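Here is what each chain is made of, one letter per residue.
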Amino acid sequence: MRSKISSFILIPSILSVIIFMFYVFFISYNHISYLVHPITIFCFIIITVLLYILESINHLIFRIKLQSLSKEKRKKIFEENEGNYFYILYRFIFYDSKKINPDGVKKIDHGFDGIIELDNKLPMWWVHLFYLTIVFSAIYFFSYLLIDFSNPYKEYDIAYKNQLKEIEIFEKNTPQVTIENAYFQEKLINNGKILFEENCATCHQSDGSGNIGPNLTDDYWINVKEKDLFKNIFYVIWNGSENNPTMRAFGQLGEIKGNDIEKISSYVYFINKKYKKPLTGKVPQGIKIKEWNKI
């Protein structure tokens, strides 16, 4: 007859496993909020009550069986359960190998090489850790086969959809700038450079010196729509170029948001105003404008 595990250890342990299973199920279908849903909490309460009833019945059976044992066996069980429960748990994990094999360590004689091998018992913490890996691998395996938990493709799909929702919420809560309230910001230059290289470098080169598109670092401009240089850059990116359909209306078409156009415009404004220009650049196009505020 085995020693009985205390109720205040057994019930929380089983309940923790059940809660973990609920967690695995809900998170696999991206419904983690259901874990604190009133119905789920009510289920946990019912499960706890049932566990307590089952443990009470088990305790009653244990006491009846204990009375049917001989005095020596009952004494042995009491000795095994002596001390507090944490000490019993410690003994269960790290108990002495001599108690497993009271006759001493078994010796294995190889015979041919004169070496005698000691057949020591494995430490119990190692054995229990090995059992734990088997249990974990079984849970992981069936979770991968039966539900979406631990499936990398499903996890990627869920993460991607969550990211799109977060972007949508961010855009709703963060108003996009327009040409009326956009202005040059030095702190936006680095982010603007990244966006410029992603969207504009094909036609204008990464340094703005021009390729099939015009040079953005000189004082010549094909499209002059605003009296301010920064506003003019923003206008062209938003509305496109009337003279060249290749320069489409990124803002009007919704390809680039207003906040990102402000970042790109800040970068273009910065490289246009830099003292050091690119050594090589496309030949000037358009009209030369030195002072924008005089137009």
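As the structure is a computational prediction, the values presented were derived from the model and not from experiment. (Residues numbered from 1 in each chain as written. Predicted model: local features only at pLDDT ≥ 70, side-chain atom pairs only at ≥ 80, totals over all residues. Heavy atoms only, no water.)

### As for the overall build of the chain
No. 1: Summing up its helical and strand segments, the chain has 11 helices and four strands in all.
No. 2: Counting only residues that meet the buried cut, the chain has 25% of its 295 residues in that class.
No. 3: Partitioning the contacts of the chain with sequence separation of at least 6, the portion at a separation of at least 24 is 61%.
No. 4: Working note: accessible area of the chain is about 21500 Å², and carbon and sulfur atoms make up 62% of it. (Helix = DSSP H or I, 4+ residues; strand = E, 2+ residues; numbered from the N terminus. Buried < 20%, exposed > 50% of the residue type's maximum accessible area, 1.4 Å probe, protein only. Contact = heavy atoms within 4.5 Å. Areas by Shrake-Rupley, 256 points an atom, 1.4 Å probe, with all protein chains shown as cover.)

### Considering the environment of Tyr23
No. 1: By secondary structure assignment, the location of Tyr23 is in helix 1 (residues 7-28).
No. 2: In this structure the C-alpha to C-alpha distance between Tyr23 and Leu35, which are 12 residues apart in sequence, comes to 6.7 Å.
No. 3: Among all residues touching Tyr23, those that are not within four sequence positions of it are Ile32 and Leu35.

### Some points on the UniProt feature "transmembrane region" (unreviewed entry) in the chain
No. 1: Under the UniProt annotation, the feature "transmembrane region" (unreviewed entry) is placed at residues 7-29, 35-54 and 125-147.
No. 2: The distance separating the terminal C-alpha atoms of residues 125-147 is 32 Å; by composition the span is 96% helix and 0% strand. (UniProt positions renumbered as here; feature names shortened; annotations may be inferred.)

### Comments concerning the pattern of salt bridges
No. 1: In this structure the tally under the stated criterion is four salt bridges.
No. 2: Among the ionic pairs, Lys161 bridges to Asp157, the shortest N-O distance being 3.3 Å. Here Asp157 and Lys161 lie together in helix 7 (residues 152-173), a separation of four residues that amounts to about one turn.
No. 3: According to the relative accessible area criterion, Asp157 is partly exposed, its value standing at 34%. (Salt bridge = Lys/Arg side-chain N within 4 Å of Asp/Glu carboxyl O.)

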